[in-house]
Structure formats: C-alpha cells, structure tokens
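A closer look at the structure
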Amino acid sequence: MTEIARIAIVTGGGDCPGMNAVIRAVAKAARLRGWETIGVTGGFDGLFDPQACHVLDYQDLYGLLTKGGSILGSANSGRFAAKVGGGEVRQLPEGLLASTKEAVERLGLSGLVVIGGDGTMSIALQLDAYGIPVVGVPKTIDNDLGATLQTFGFDSAVAYATDAVDRLQTTAESHRRAIVLEVMGRHAGWIALYSGLAGGADVILIPEIPFTHEHIAEAVRERDRTNRFHTIVVAAEGARLEGSHSTSSLGGGADREERLGGIGQGVAAEIERRTGKETRHVVLGHLQRGGSPTHFDRVLCTALGAKAVEMVAEKEFGRLVIYTGHGMDSVPLAEAVDSLRTVPPDGGLVRAAREMGVSFGDRAP
Ligand code: F6P
C-alpha cells in the first residue's frame with residue numbers, strides 16, 4: 001500500500017505506562033513500510049499547532065519501550081473532551097470537527113492513530129464519522145473498555161498496587177492495625193480486585209458491590225477473634241455505600257469528567273470508630289499511572305501498535321485494535337464506545353475471593 005506516506009499519532013485521556021511503547025511500535029512499523037510518522041503533542045489540539053507536530057525519527061524512539069508516561073503529552077479535558085460531567089458523551093461542535101479535518105488534510109495525513117480510553121474513543125468515533133481516517137488503540141489503567149479483553153496500562157497499575165498491598169501487610173501486622181488502600185479505576189473495580197487478590201487483602205471494596213460500614217467492621221472483628229490482628233482493605237475509588245453514589249472529590253464540568261476519590265479516608269474512620277482498632281489509610285493516586293510498563297504491557301503495546309499500522313495499510317479505518325487473549329483483532333469504534341466492562345459481581349474472580357474468606361463489605365450470598 002505504497003500511497004500511504006505519512007501518518008500521525010495522538011494520545012488522549014490520562015497517561016499510563018505503555019503509551020510510549022505503543023508510540024514506538026507504531027513509528028517503527030511505519031518506518032519499515034517507508035512512511036513518515038508525525039508525533040502530535042498535547043492531544044488533539046496539537047493538530048492545529050505546527051510547533052506541536054514533529055516527525056518521529058529513529059533517535060526519538062530510543063528507550064521508549066520502557067519509558068513511562070507519554071512523550072507526546074496527553075489531555076483529558078478541554079474543547080476535545082467527549083466525556084464530561086458524570087461520564088455523559090458530548091457531541092463535538094461541527095466547526096471543531098471541520099477544522100480538525102482541515103488540519104489533518106493540511107498535514108497530509110493518510111491515517112491518524114489515536115491512543116486512548118473510552119473518552120478518547122468517543123472523540124475518535126466522531127472524527128471517523130466526519131471522514132477522518134482514524135484507527136484506535138485502547139489504553140487505560142482502569143481496564144474498563146468492553147471491546148478488548150485487556151487494555152494496556154492495567155497490568156502495570158496492578159503490579160504497582162500489589163506491591164503497595166505487600167508493603168502495607170507487613171507494617172499493618174507489626175502494629176496490629178487496619179490499613180485501607182484506595183486505588184484508582186473510576187467506575188470499575190478491576191484494579192482493586194486484582195491487587196487485592198494478588199496481595200491477599202481481607203476486604204475488597206468495588207463499585208459493582210455496594211458495601212456497608214458494619215459489614216467491613218464485622219470482617220475486622222472476625223479477624224481479631226481468630227487471632228489475626230491486622231486487616232488490609234483495598235478500596236476502589238469508585239466503591240460506594242449501599243444506597244449511595246461514588247465519592248467525588250471534584251464535580252464534573254462542561255469540559256471534564258468528575259474526579260473520584262476520598263472513599264479510603266471515610267472507610268478508615270468508620271473502621272476505627274466501630275471497632276476501636278487503630279486504622280490508617282493510603283491513597284495510591286497517580287503513582288499507579290507512573291513508571292515503566294510491565295513485561296506484559298510492553299508485549300501488548302508492541303502488538304497493538306504493529307496491528308494499528310497494519311490496519312492503516314489496509315485502510316481499515318473507524319476501528320479499534322483489540323486484544324482477544326489469543327492475539328490482536330479489531331472492532332468498529334462504535335462498538336467500543338460506551339461498552340464499559342465492569343466486574344461481574346457473581347463472576348469467577350469474586351467467587352474465588354469469597355472462597356478465600358475475602359469480604360466485599362456486603363452480606364455474602
Ligand atoms: O482513567 C484513568 C484514571 O487514572 C482513573 O482511574 C482516575 O479516576 C482518573 O484517571 C484520574 O484522572 P486525573 O489524572 O485527571 O486526576
């Protein structure tokens with residue numbers, strides 16, 4: 001497919017480990033086909049700024065396989081925000097779509113590789129409908145995109161959160177304390193569930209299974225009764241009390257989604273009040289998004305990037321590269337947007353955890 005000479009990469013949404021590994025894979029595979037790859041800095045807005053668009057040459061790619069973050073920067077708010085408020089999809093104004101198309105044509109792009117999560121794919125879908133040749137690559141530490149078995153960044157975030165649980169286990173045991181670790185994940189409990197299971201947490205709180213403070217307190221008391229005097233709670237930031245919403249630390253706006261957080265502190269205070277056990281809380285925050293990708297994410301990113309270039313070559317636009325568990329495939333972007341993958345409350349992993357005596361802060365079925 002020789003007529004493709006120039007493509008570009010845009011990264012959107014929150015950054016995560018592996019973004020650079022995808023950038024490297026796309027630019028390397030494109031280079032081997034004799035194409036030029038433009039790296040667009042600062043998200044979609046960069047398409048309008050000549051200073052933000054530069055050719056990625058061989059030197060730029062050096063060391064990117066292992067480097068955290070995104071050398072192109074990333075944005076999850078502003079005029080290209082397609083998910084706003086409580087997660088509602090926003091239609092981009094006609095004028096913005098038209099000028100984006102002009103910018104893509106001005107740059108002489110035959111394909112635009114868009115790396116992002118649900119919000120970014122909502123933008124990509126609108127660009128595709130406007131005739132811009134787009135291929136999507138799914139990323140997010142939250143692992144909540146229904147179309148793909150796993151998003152890149154998730155494994156790295158879980159590895160970091162698991163290390164945190166391991167570290168908290170020993171200090172909690174030494175001091176006979178309860179410690180609550182709050183992890184990210186938005187409205188999906190995957191990071192909490194995986195890191196909680198991997199670290200042997202006693203209580204795991206996820207948005208998909210509403211909890212009560214009394215059930216958590218009872219789990220702590222039960223451990224004391226059986227001479228296990230420390231308790232580790234892993235709480236997803238989106239976890240919620242029965243009958244209420246997730247705790248938000250900042251409301252959403254017209255150009256950004258609401259910010260979740262704060263649940264860990266409240267849970268810790270209630271444990272201490274109800275059981276008398278000294279309790280601490282830790283918010284892992286953006287540490288989960290930093291650092292080098294795990295070997296799994298490096299491999300996944302490389303395969304996703306290579307597949308994206310293959311799709312551009314085949315002019316399979318308007319699609320998202322996906323990981324099936326056996327290899328790479330693709331689905332229409334429309335299928336990928338708004339199909340959130342959350343933890344099935346009665347799924348195999350939750351059941352396995354319950355078999356281990358893990359409490360989800362609810363009345364166990
Ligand atoms: O979607 C990824 C994520 O890290 C969520 O887990 C978290 O709620 C959010 O982004 C945090 O966003 P920000 O970097 O804007 O605080």
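Just above sits the structure.
A brief look at the structure comes next. Each chain has its residues counted from 1, running along the sequence as written. Restriction of local features to residues with pLDDT of at least 70 applies here, the model being predicted, together with a cutoff of 80 or more for giving and counting side-chain atom pairs; totals for whole chains, interfaces and linings are based on all residues. Only heavy atoms go into the side-chain values, all of them from the structure, while hydrogens and water stay out.

Points about the overall build of the protein chain
We count it as follows: Helix and strand assignments follow DSSP, with helices taken as H or I runs no shorter than four residues and strands as E runs no shorter than two, numbered in order from the N terminus. For this measure, only C-alpha atoms enter the radius of gyration; the expected value for a globule follows 2.2 Å times N^0.38, where N is the number of residues. Note on exposure labels: buried denotes an accessible area under 20% of the residue type's maximum, exposed denotes more than 50%, and partly exposed covers the range between, all computed with a 1.4 Å probe on protein chains only. The contact definition used throughout considers only heavy atoms, calling two residues in contact when any of these lie within 4.5 Å.
Scanning the protein chain for helices and strands turns up 11 helices and 15 strands. A compact globule built from 365 residues should have a C-alpha radius of gyration of about 21 Å, and the protein chain, at 22 Å, falls within 12% of that. Looking at the protein chain residue by residue over its 365 residues, the buried ones come to 53%. Contacts in the protein chain between residues at least 24 apart in sequence constitute 73% of all its contacts with a sequence separation of at least 6.

A few points about the packing of helix H5 (residues 154–175) against helix H6 (residues 190–199)
Worth spelling out the cut-off: Helix axes are fitted only over the stretch in contact, all axes being lines through C-alpha atoms; the angle between N-to-C directions runs from 0 to 180 degrees. With respect to orientation, any angle under 35 degrees is reported as roughly parallel, any angle over 145 as roughly antiparallel, any angle of 65 to 115 as roughly perpendicular, and every other angle as oblique. Put simply, a crossing is left-handed when the front helix is turned counterclockwise from the back one by less than a right angle, and right-handed when it is turned clockwise. Residue polarity is assigned by list, with Asp, Glu, Lys and Arg as charged and Ala, Val, Leu, Ile, Met, Phe, Trp, Tyr, Cys and Pro as nonpolar; anything else, Gly included, falls into the polar class.
With their axes 8 Å apart at the nearest point, H5 and H6 run at an angle of 45 degrees to one another. With respect to H6, the axis of H5 lies oblique. Crossing of H5 over H6 shows right-handed handedness. In contact with Phe154, Ala157, Val158, Ala161, Thr162, Val165, Asp166 and Gln169 of H5, H6 contributes Trp190, Ile191, Tyr194, Ser195, Ala198 and Gly199. Of the residues in the contact of H5 with H6, the class split is nine nonpolar, four polar and one charged.

As for the site of the ligand
How we decide: Any residue with at least one heavy atom within 4 Å of a molecule or strand is counted as near it. Identification of polar contacts relies on pairs of N or O atoms within 3.5 Å, with a donor-acceptor requirement for protein atoms, meaning one able to donate a hydrogen and the other able to accept it, and with residues adjacent in sequence counted only if both atoms are side-chain atoms. Note on areas: Shrake-Rupley, 1.4 Å probe, and residue coverage restricted to the protein chains presented here.
Surveying the vicinity of the ligand reveals nine residues, the closest of which are Asp142, Met184, Glu237, His286 and Arg289. Glu237 is positioned with one of its side-chain polar atoms (N or O) 2.5 Å from an oxygen atom of the ligand. Against a free-state accessible area of 400 Å², the protein chains account for coverage of 80% of the ligand. Looking at side-chain class alone, the shell around the ligand contains two nonpolar, three polar and four charged residues.

Looking at the pairing of strand E2 (residues 36–40)
Our working rule: Only strands that DSSP links by at least two bridges are regarded as paired with each other.
Counted residue by residue, E2 has four buried out of five residues, so it is predominantly covered. Where strand E1 (residues 6–11) meets E2, four bridges bridge the pair, whose relative direction is parallel. In the sheet register, Ile9 faces E2, and the bridge partner there is Gly39. Bridge analysis of E2 against strand E3 (residues 53–55) gives three bridges, and the strand direction is antiparallel. Within the sheet, the bridge partner assigned to Gly39 lies in E3 and is His54.

Quick word on the pattern of salt bridges
We apply this condition: Salt bridges are defined by distance alone: a side-chain nitrogen of Lys or Arg within 4 Å of a carboxyl oxygen of Asp or Glu.
Taken as a whole and judged by the stated rule, the model has 17 salt bridges. Of the charged contacts, one joins Arg177 and Glu278 as a salt bridge, the two residues approaching to 3.2 Å between their closest N and O atoms. On the criterion of sequence distance, the pair formed by Arg177 in the loop between H5 and strand E8 (178–183) and Glu278 in the loop between helix H8 (263–275) and strand E13 (279–283) is long-range, its members being 101 residues apart. Linking Glu218 and Arg225 is a salt bridge whose minimum nitrogen-to-oxygen distance equals 2.5 Å. Taken together, the salt bridges that share partners define one network made up of Glu214, Glu218, Arg221, Glu222, Arg225, Glu270, Arg273 and Arg274.

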